[in-house]
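Geometric and topological summary
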Amino acid sequence: MSGEHLVSALVRDEPRVLTRITALFGRRGYNIKSLSVGATETPGISRMTFVVGGERGVVEQAMRQLQKLHDVLQIIDHSQEKYVDRELVLLKVRVDKDTRLEVRQMAEDFRARIVDAGRQALMFEVTGDEGKITAFIEQMRPFGILETMRTGRAALIRGSNADIASHVYGGESQALAALASGLSPVPQPREASSRDGGEQ
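Only a predicted model underlies this, so the values are computations on that prediction, with no experimental measurement involved.

**With respect to the overall build of the chain**
Scanning the chain from N- to C-terminus turns up five helices and ten strands. Each of the 200 residues in the chain was classed as buried or not, and the buried ones make up 38%. Here the analysis covers contacts within the chain between residues at least 6 apart in sequence; of these, 74% occur between residues at least 24 apart. Element-wise, carbon and sulfur atoms account for 49% of the exposed surface of the chain, whose accessible area totals about 12500 Å².

Structure below.
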């Protein structure tokens, strides 16, 4: 079934990781509709959350390809369980002496916070799920939207579901377990050679 799929990836916090992951999607023609990246509770590990559009089978294929990347430690498919997701938007709306009060009152209905105020514009900050953010933007549109900055979606599985291995694509990663305990993955031994002193 075609649609939007919300997926998170736990990745090594290293240079060019984001480039490698987005390049993988680009080469295969997958469409990333939103993307957010941030630090996790574990030093050295970042969480990427992205919304991918396409057929379910195509998205699953993308997850398998991601799992093969050295920098990717875990893939979490949020469609398997209930989750909490949030977005943030900064929205600058045109106002005048006739519309200022109405705009502010409508913004209060969405629990929007004024972060900047001028004579001809108000800037609002709103946090919520995708539906709330979209509805707020549409309510402000008739007044004149001057600028918009909307983040990607961030998501976590609700409650104890986060501990269920079946929600992690490919199961728990040994690399992640090592990093979570403050250790680096154990390097693979390399073969001895004459340059390493194999010959006396």
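**What about the pattern of salt bridges?**
If you walk through the whole model with that rule in mind, you get nine salt bridges. Among the salt bridges present, the one from E147 reaches K92, with a minimum N-O distance of 2.8 Å. Separated by 55 residues along the polypeptide, E147 in strand 8 (residues 145–150) and K92 in strand 5 (residues 83–94) bring together distant segments of the chain. Looking at E147, the relative accessible area reads 48%, which means it is partly exposed. A relative accessible area of 23% places K92 in the partly exposed class. Where salt bridges share partners, they join D85, E130 and R153 into one cluster.

**Comments concerning a nonpolar patch on the surface**
A grouping of L18, L35 and V37 is seen on the molecular surface, where their side chains present a nonpolar patch of about 230 Å² in accessible area. Assignment of secondary structure puts L35 in strand 2 (residues 31–39). For L35, a relative accessible area of 31% puts it in the partly exposed group.

**A look at the packing of aromatic side chains**
According to the stated counting rule, one finds two aromatic pairs in the structure shown. Consider the rings of F110 and F136, whose centres lie 5.3 Å apart with planes at 65°: the pair is edge-to-face. Of this pair, F110 sits in the loop between helix 3 (100–109) and strand 6 (113–117) while F136 sits in helix 4 (residues 130–140), placing them 26 residues apart in sequence. As far as burial versus exposure is concerned, F110 and F136 are alike and both buried. With centroids separated by 6.0 Å and ring planes inclined at 80°, the aromatic side chains of F124 and F136 adopt a geometry described as edge-to-face. Highlighted residues: F124 in strand 7 (residues 121–128) and F136 in helix 4, separated in sequence by twelve residues.

**Thoughts on the pairing of strand 3 (residues 45–55)**
With ten of eleven residues buried, strand 3 lies mostly within the body of the structure. Here strand 2 hands over to strand 3 after five residues, with G44 in that stretch at a positive phi of 90°.

**Considerations on helix 1 (residues 17–27)**
Taken together, the buried positions of helix 1 are occupied by V17, I21, L24 and F25. Buried residues along helix 1 cover an arc of 95° about the axis, so they all sit on one side. Within helix 1, the exposed residues directed more than 90 degrees away from the buried face are T19, G26 and R27. Phi turns positive one or two residues past the end of helix 1, at G29, with a value near 75°.

**Observations concerning the environment of N31**
Along the chain, N31 turns up in strand 2. Spatially, the C-alpha atom of N31 lies 9.8 Å from that of E4, the residues being 27 residues apart in sequence. Setting aside chain neighbours within four positions, we find N31 in contact with V51, V52 and G53.

The rules behind each value
Residues numbered from 1 in each chain as written. Predicted model: local features only at pLDDT ≥ 70, side-chain atom pairs only at ≥ 80, totals over all residues. Heavy atoms only, no water. Helix = DSSP H or I, 4+ residues; strand = E, 2+ residues; numbered from the N terminus. Buried < 20%, exposed > 50% of the residue type's maximum accessible area, 1.4 Å probe, protein only. Contact = heavy atoms within 4.5 Å. Areas by Shrake-Rupley, 256 points an atom, 1.4 Å probe, with all protein chains shown as cover. Salt bridge = Lys/Arg side-chain N within 4 Å of Asp/Glu carboxyl O. Patch = residues over 30% accessible without salt bridge, like charges linked within 9 Å, V, L, I, M, F, W, Y side chains within 5 Å. Phe/Tyr/Trp six-rings, centres within 6.5 Å; stacked < 30°, edge-to-face > 60°. Pairing = 2+ DSSP bridges. Arc of directions from axis to C-beta.

Purely geometric stuff here, so don't read any function into it on its own.
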